[in-house]
Amino acid sequence: MLGCAVEASKGSKHISIMCVELAAGRGVRRSRIWQEINLTNLRINMKTRTVKVGRNDPCPCGSGLKYKKCCLSIGMPPNRDIEALYSKKYGIRLKKERDIEAIRKAGRLVLETLDLVESKIRPGLVTEEINTLVHDFTLKNGATPAPLNYRGFPKSVCVSANEVICHGIPGNRVLNDGDIVNIDVTSILNGYYADANKTFFVGTPDADATKIVSIARECLKRAMSVIKPGHTLGDIGWSIQMYAEAQGCSVVREFVGHGVGFDFHEAPQIPHFGNKGAGITLIPGMIFTVEPMINLGKKELRVLDDNWTAVTKDGSLSAQFEQTVLVTEDGCESLTPYQL
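All values derive from a computational prediction rather than experimental measurement.

K.L.:
What is the right way to look at the sheet that holds strand β16 (residues 318–320) in this model?
P.N.:
Sheet strands associate in pairs through backbone hydrogen bonding, adopting either a parallel or an antiparallel arrangement. The strand order across the open sheet formed by three strands is β9-β13-β16, and the pairing between neighbours is antiparallel. Only two strands of the sheet have a single neighbouring strand rather than two, namely β9 (250–251) and β16.

K.L.:
Looking at this structure, I do not really get the environment of Ala146. What am I missing?
P.N.:
Along the polypeptide, Ala146 turns up in the loop between β4 (144–145) and β5 (158–161). The sequence separation of Ala146 and Asp263 amounts to 117 residues, and the corresponding C-alpha distance is 9.5 Å. With near-sequence residues (within four places) excluded, Ala146 lies in contact with Thr186, Ile188, Tyr193 and Phe264.

K.L.:
Just to check I follow, could you spell out a positive patch on the surface for this structure?
P.N.:
A cluster of like positive charges, contributed by Arg55, Lys66, Lys68 and Lys69, occupies part of the molecular surface. Mapped onto the elements, Lys68 comes out in the loop between β2 (50–52) and β3 (79–81).

K.L.:
Is there a simple way to explain the sheet that holds strand β14 (residues 301–303) in this structure?
P.N.:
If you walk across this open sheet you meet the three strands as β6-β15-β14, and the pairing is antiparallel. Of all strands in the sheet, those bounded by a partner on one side alone are β6 (164–166) and β14. Strand-to-strand twist in this sheet, taken as the mean axis angle between neighbours without regard to direction, amounts to 40°.

K.L.:
Please explain the confidence of the model for the protein as it appears in this structure.
P.N.:
Caution applies to low-pLDDT regions: their predicted coordinates should not be interpreted in detail. Put simply, the protein has an average pLDDT of 86, and 81% of its residues get 70 or more. In this model residues 4–43 is a low-confidence stretch, pLDDT under 50, and it forms 66 contacts with partners more than four residues away in sequence or in other chains.

K.L.:
Could you clarify how one ought to interpret the state of the cysteines in this entry?
P.N.:
In a disulfide, the sulfur atoms of two cysteines are held together by a covalent bond. The full count for this structure, using the stated rule, is zero disulfides. With no disulfide partner, Cys158 has as its closest neighbouring cysteine sulfur the one in Cys166, 7.5 Å distant. With a relative accessible area of 2%, Cys158 lands in the buried category. Judged by relative accessible area, Cys166 falls into the buried class, the value being 2%.

K.L.:
Even after reading the chapter, I still don't get unusual backbone geometry, so can you show me in this structure?
P.N.:
Leaving glycine out, the prevailing phi sign among residues is negative, and the prevailing peptide bond configuration is trans. Here the bond from Ala267 into Pro268 is cis, since omega is 0°, no more than 30 degrees from zero. You can see Pro268 is positioned in strand β11 (residues 266–270). Within the chain, Asn149 stands out as a residue other than glycine whose phi angle is a positive 70°. With respect to the element layout, Asn149 can be found in the loop between β4 and β5. The exposure class of Asn149 is exposed, given its relative accessible area of 59%.

K.L.:
Would you take a moment to explain the pattern of salt bridges for this structure?
P.N.:
Any two side chains of opposite charge can pair, on the condition that their charged atoms come close. Within this structure, the stated rule accounts for 11 salt bridges. Two residues, Glu128 and Lys155, come together in a salt bridge whose shortest N-O distance is 2.8 Å. Of this pair, Glu128 sits in helix α5 (residues 127–140) while Lys155 sits in the loop between β4 and β5, and the two are 27 residues apart along the sequence. The partly exposed category is assigned to Glu128, whose relative accessible area is 25%. Within this structure, Glu101, Arg104, Arg108 and Glu333 form a network of salt bridges that share partners.

Rules behind the numbers
The residue numbering used here restarts from 1 in each chain and proceeds along that chain's sequence as written. pLDDT decides what is reported in this predicted model: residues at 70 or higher carry local features, side-chain atom pairs at 80 or more are listed and counted, and totals for whole chains, interfaces and linings draw on all residues regardless. As a rule here, side-chain values cover all heavy atoms of the structure and leave hydrogens and water aside. Here, any two strands with at least 2 DSSP bridges between them count as paired. Helical segments are the DSSP runs of H or I of at least four residues, strand segments are the runs of E of at least two, and each set is numbered from the N terminus. Any two residues whose heavy atoms approach within 4.5 Å are treated as being in contact. Excluding any residue in a salt bridge, patches collect residues exceeding 30% relative accessible area, merging like charges within 9 Å and nonpolar Val, Leu, Ile, Met, Phe, Trp and Tyr side chains within 5 Å. Note on areas: these come from Shrake-Rupley sampling with a 1.4 Å probe, and a residue is covered only by the protein chains present in the view. By convention in these notes, a salt bridge is any Lys or Arg side-chain nitrogen within 4 Å of a carboxyl oxygen on Asp or Glu. Note that His is not counted, nor are the chain ends; the positive residues are Lys and Arg, and the negative ones are Asp and Glu. Here the site of a charge means NZ on Lys, CZ on Arg, CG on Asp, or CD on Glu. Simply put, an axis is a line fit to the C-alpha atoms, just over the touching stretch for a helix, and the angle between two N-to-C directions goes from 0 to 180 degrees. Per-residue confidence from the predictor is reported as pLDDT, which spans 0 to 100. Note on terminology: pairs of cysteine sulfur atoms within 2.5 Å are recorded as disulfides. Relative accessibility thresholds used throughout: buried, under 20% of the residue-type maximum; exposed, over 50%; partly exposed, between the two (1.4 Å probe, protein chains only).

Here it is as structure tokens:
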């Protein structure tokens, strides 16, 4: 997930504007109309990956405008290859089977790396030791740690303990009994990227640590349960936000999930909050991360002087779980699967 700070800080303004428009009713109504059309397969054929739309129908891009006033005006014909449409309109690159298998293979390495780190976590462990473990293991397996030197990030893994939300830089911090620590691993194997993270207990957790880790894990589980063709990005964020806030916790807004596979960060962005039925419609071949950051206290954050480490503004605990997810013909598959 490393590097979403800059992208999300720009994208979050767009997301906020979208939420205002949706709250006004117009966006929700129109995007739901298009979603219903998708679900009945009257406009999008999931098997042939083509879209057919009339001039006066809602545009398949989800803008809320009629087709004749939106994509038709920029030259998209009414019978259009979905792959080309998503590429031109959203910058989303759908993955083919050979790509999926390569990302799946990278995902297996990511999981092996996380398992190795988990086996070493204990009170007294210095976070720099985690970086060395990840770096050496990644290279030993013929891969490259994606975070290293990415936009100036100085290490091979993100290690975020307690109040650190994400992008923690390994160093001389010592893990203590009762801490929680998130390990975020992204590996590049044969040119393909996979990304996942987990939050671990260090020693014996207290009630607050147990609560926030459990809620963050459940947020990812619920989000993955709604990922399937015809559903939307808004459905993912809505499922996370509704559950987390019902438990008295908050969802971080500034950092989001993202497309992944050909590159570290691709379109689309995946907000972990939002409106049901809003946003881009999910179609087979999309691969992206879902990685909700859940705070025990308020959602506000601040970034430390290193320009990377994001921490909760009120000092409360924060936890996160992440997987790389493929939208399949009838649901989803995690390419970095672990039990939730």
